[in-house]
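A look at the structure
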Amino acid sequence: MPISLDEIVDETREMPAEVVSELIDRIMSARHGGIEASVATAWKTETGRRIAEIEGGKVKGVPLEESLARGRKIAGL
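Thresholds applied
Residue numbers run consecutively from 1 along every chain, following the written order of its sequence. For a predicted model such as this one, the threshold for reporting local features is a pLDDT of at least 70, and the threshold for listing and counting side-chain atom pairs is 80 or more; totals across whole chains, interfaces and linings nevertheless cover every residue. To obtain the side-chain values, all non-hydrogen atoms of the structure were included, while hydrogens and water were left out. Cavity and pocket criteria rest on a 1 Å grid covering protein atoms alone: a 1.4 Å probe that fits but cannot get out defines a cavity, protein on both sides within 12 Å along at least 5 of 7 lines defines an open pocket, and an atom within 4 Å of a point defines a lining residue. Grid points are joined across faces, edges and corners, and a volume is the space filled by probe spheres set on the points. Residues are grouped as follows: Ala, Val, Leu, Ile, Met, Phe, Trp, Tyr, Cys and Pro are nonpolar; Asp, Glu, Lys and Arg are charged; every other residue, Gly included, is polar. Each patch groups residues whose relative accessible area exceeds 30% and which form no salt bridge, using 9 Å between like charges and 5 Å between nonpolar side chains of Val, Leu, Ile, Met, Phe, Trp and Tyr. Working definition of accessibility: Shrake-Rupley area with a 1.4 Å probe, residue cover restricted to the visible protein chains. By salt bridge we mean one thing: a side-chain nitrogen of Lys or Arg within 4 Å of a carboxyl oxygen of Asp or Glu. A run of H or I in DSSP counts as a helix once it spans at least four residues, and a run of E counts as a strand once it spans at least two, with each numbered from the N terminus. To sort residues, take the accessible area from a 1.4 Å probe on protein chains only and compare it with the maximum for the residue type: under 20% means buried, over 50% means exposed, and anything in between is partly exposed. Identification of polar contacts relies on pairs of N or O atoms within 3.5 Å, with a donor-acceptor requirement for protein atoms, meaning one able to donate a hydrogen and the other able to accept it, and with residues adjacent in sequence counted only if both atoms are side-chain atoms. What makes two residues a contact is simply this: any of their non-hydrogen atoms within 4.5 Å.

**As for the layout of surface pockets**
One number sums up the size of the largest pocket: a volume of about 160 Å³. Forming the boundary of the largest pocket are Ile24, Asp25, Met28, Ser29, His32, Gly33 and Ile35. Here the lining of the largest pocket is built from residues that sort into three nonpolar, three polar and one charged.

**So, a nonpolar patch on the surface**
Where nonpolar side chains cluster on the molecular surface, the patch consists of Met15, Val19, Leu23 and Ile27 and spans about 300 Å² of accessible area. Tracing the sequence through the fold places Met15 in the loop between helix H1 (5–13) and helix H2 (17–32). Residue class for Met15 comes out partly exposed when judged on its relative accessible area of 32%.

**Description of the environment of Ile54**
Inspection of the secondary structure assignment puts Ile54 in helix H3 (residues 37–55). Since its relative accessible area comes to 46%, Ile54 is described here as partly exposed. Between the C-alpha atoms of Ile54 and Ala42, which are 12 residues apart in sequence, the distance is 19 Å.

**So, the side chain of Glu53**
Summarising the element assignment, Glu53 is placed in helix H3. Within the structure, Glu53 has its side chain in polar contact with the side chain of Arg49 (distance 2.7 Å). Excluding residues within four positions of it along the chain, Glu53 makes contact with Lys58 and Val59.

Below you can see the structure in the form of structure tokens.
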């Protein structure tokens, strides 16, 4: 019998973050193809810059719930 989506999510709760990240990458690649190396490099550079800004106190992060609420408001949900 196939595993349900809820069961998959439950299983991922027990996995290290790196493993879940790899799983997501593999699913996305299988569904949509790979990411061009130049794009992956650019995103790695950008995320590193943004993390450094947050850790250095240059910018303040937005809590997830607040960010989701903003998105729902924009989408009219």
